[in-house]
Amino acid sequence: MSIDQPTTDARPAPAAAAERPRAAGPEWLRRISPGRYSGVLAALLVVCVYLAITEPAFGTWDNLMNVVKSNSVMFVLALGATFVIISAGIDLSVASAMAASGMILGLTLRAGWATVPAIAVTLLFGLGLGLIMGATISWLKISFLVVTLGGLSIFQSFALVVNDGATISVFGLSGFSPIRSFVNDEIAGIPLLLLFDLALLLLAGGVLRYTRFGRALFAVGSNPEAARLNGINVGAVLMAVYGIAGLTAGVAAIVSVGRLTGASPESDPTLLLTVITAVLIGGTAYTGGEGGVFGTLIGVLFLGVVQNGLTLSGVNTFWQGMVSGLILIGAVGLEVLRRRGRLPRLRRGGPPPENPPAAPAPAAGPMA
């Protein structure tokens, strides 16, 4: 089951590229242009400035690190969701898969397993759930909405059944101590969890930008039939994508259990919404073929800062779900307007050519 590299060159021909007007400004500035996620980046800066002025506690180091820690689970899940949405799919089962994986971790730790075997089994379990979803979608040709919606129900029921719906407390267990230290300890005031999140970000960004699989993923999300004609094994790409989402569910389960000191059979009912919202407002197109993990990071930070600001301002937490829903609708609405040409599309390297090619290449990777 291999993923072949497309036989066509996605880059514009030298002659065509030479006709494009060059953007003003230094080359390094064009390279770091925020492009598709410039809107949410600007919104994040505005919200941060406003909260720093109105809520003195917001700008403290402890509060900022609390934002990072409290949103690490969402960030890990959002990384996997980014891969899925780039492929023009949606995984509705990730929150339930995380709950099921967390129960596996709790059961193994309670049974006296050492830390490494318990973590390995948890990650393999999450990966297996994702591969089952991917195989069902890619080989049986069942809609990803039907498969992942069914998976949501199955995984949630599994999490409830394995321990009769009760939370598994792991506090005080010897195998849990390293996990608790990893999630809560710091190095020179910097949480280990922050360093771990940055490592995952770089790894995911490198896979999308520099690997054959990453190029194949963007091609499949842009046009699966064209990708197939160019020699890409579309089924293998989709199976790998949902496997990655399942693996991130296993990682998120470990982080969640470490923070809560227990494995809960139920996940936050708004978690799935916030994960998808973070990916979409970070510039990943819901139609597939465009996006990246750096934009997802900005989306997670934006939602985390907004929720933290609501908490500091004394706003009832019941309003947070409404805010996330409105942000999601707004982000998708802006994407629709942009695709219809009613909003200017930001591009790096200057304005678009007067005569764009008939079949544009898949969007650039996440760190471009």
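Residue positions are counted from 1 within each chain, in the order its sequence is given. For a predicted model such as this one, the threshold for reporting local features is a pLDDT of at least 70, and the threshold for listing and counting side-chain atom pairs is 80 or more; totals across whole chains, interfaces and linings nevertheless cover every residue. Excluded from the side-chain calculations are hydrogens and water; all other atoms, namely the structure's heavy atoms, are used.

Trainee: Sorry if this is basic, but what is going on with the side chain of S87 here?
Mentor: Runs of E in the DSSP output that reach at least two residues are strands. Runs of H or I that reach at least four are helices, and both are numbered from the N terminus. Mapped onto the elements of the fold, S87 is located in the loop between α5 (72-86) and α6 (94-110). Exposure classes here rest on a 1.4 Å probe applied to the protein chains alone. A residue is buried below 20% of its type maximum, exposed above 50%, and partly exposed in between. What makes S87 buried here is its relative accessible area of 7%. Here V84 takes part through its backbone oxygen, which lies 2.5 Å from a polar atom of the side chain of S87. Any two residues having at least one pair of non-hydrogen atoms within 4.5 Å are treated as being in contact. Those residues in contact with S87, other than ones at most four positions away along the chain, are L217, G221, L238 and V241. Side-chain atoms alone can form a polar contact between residues adjacent in sequence; in general such a contact is a pair of N or O atoms within 3.5 Å, and within protein one must be able to donate a hydrogen while the other accepts it.

Trainee: What's the story with the packing of α6 against helix α7 (residues 115-139) in this structure? I'm lost.
Mentor: The axes of two packed helices give the description: the angle between them and the distance between them. Running from amino to carboxyl end, α6 crosses α7 at an angle of 155°, the nearest separation of the two axes being 9 Å. One way to sum up the angle between α6 and α7 is to call them roughly antiparallel. Relative to α7, the crossing made by α6 is right-handed. For the pair α6 and α7, contact is made by A97, A100, S101, I104, L105, T108 and L109 and by A118, I119, V121, T122, F125, G126 and L129, respectively. Broken down by class, the residue content of the contact of α6 with α7 amounts to 10 nonpolar, four polar and no charged. To obtain an axis, a line is fitted to C-alpha atoms, over the contacting stretch when the element is a helix, and the angle between two such axes runs from 0 to 180 degrees between their N-to-C directions. Orientation categories follow fixed angle ranges, with anything under 35 degrees roughly parallel, anything over 145 roughly antiparallel, 65 to 115 roughly perpendicular, and all other angles oblique. In a left-handed crossing the near helix is turned counterclockwise from the far helix by less than a right angle, and in a right-handed crossing that turn is clockwise. For this classification, the nonpolar set comprises Ala, Val, Leu, Ile, Met, Phe, Trp, Tyr, Cys and Pro, the charged set comprises Asp, Glu, Lys and Arg, and every other residue, Gly included, is treated as polar.

Trainee: What exactly am I supposed to notice about the packing of aromatic side chains here?
Mentor: Here the distance between the centres and the angle between the planes together describe a pair of aromatic rings. Any two of the Phe, Tyr and Trp rings considered here, Trp counted by its six-membered ring, make a pair once their centres fall within 6.5 Å; the pair's planes then place it as stacked at under 30 degrees, edge-to-face at over 60, or tilted in between. If you walk through the whole model with that rule in mind, you get two aromatic pairs. Seen from their ring centres, F182 and F196 are 5.1 Å apart, and the 85° between their planes marks the pair as edge-to-face. Residue F182 is located in helix α9 (residues 177-184), and its partner F196 is located in helix α10 (residues 192-210); the two are separated by 14 residues in the primary sequence. F182 gets classed as partly exposed once you look at its relative accessible area, which sits at 26%.

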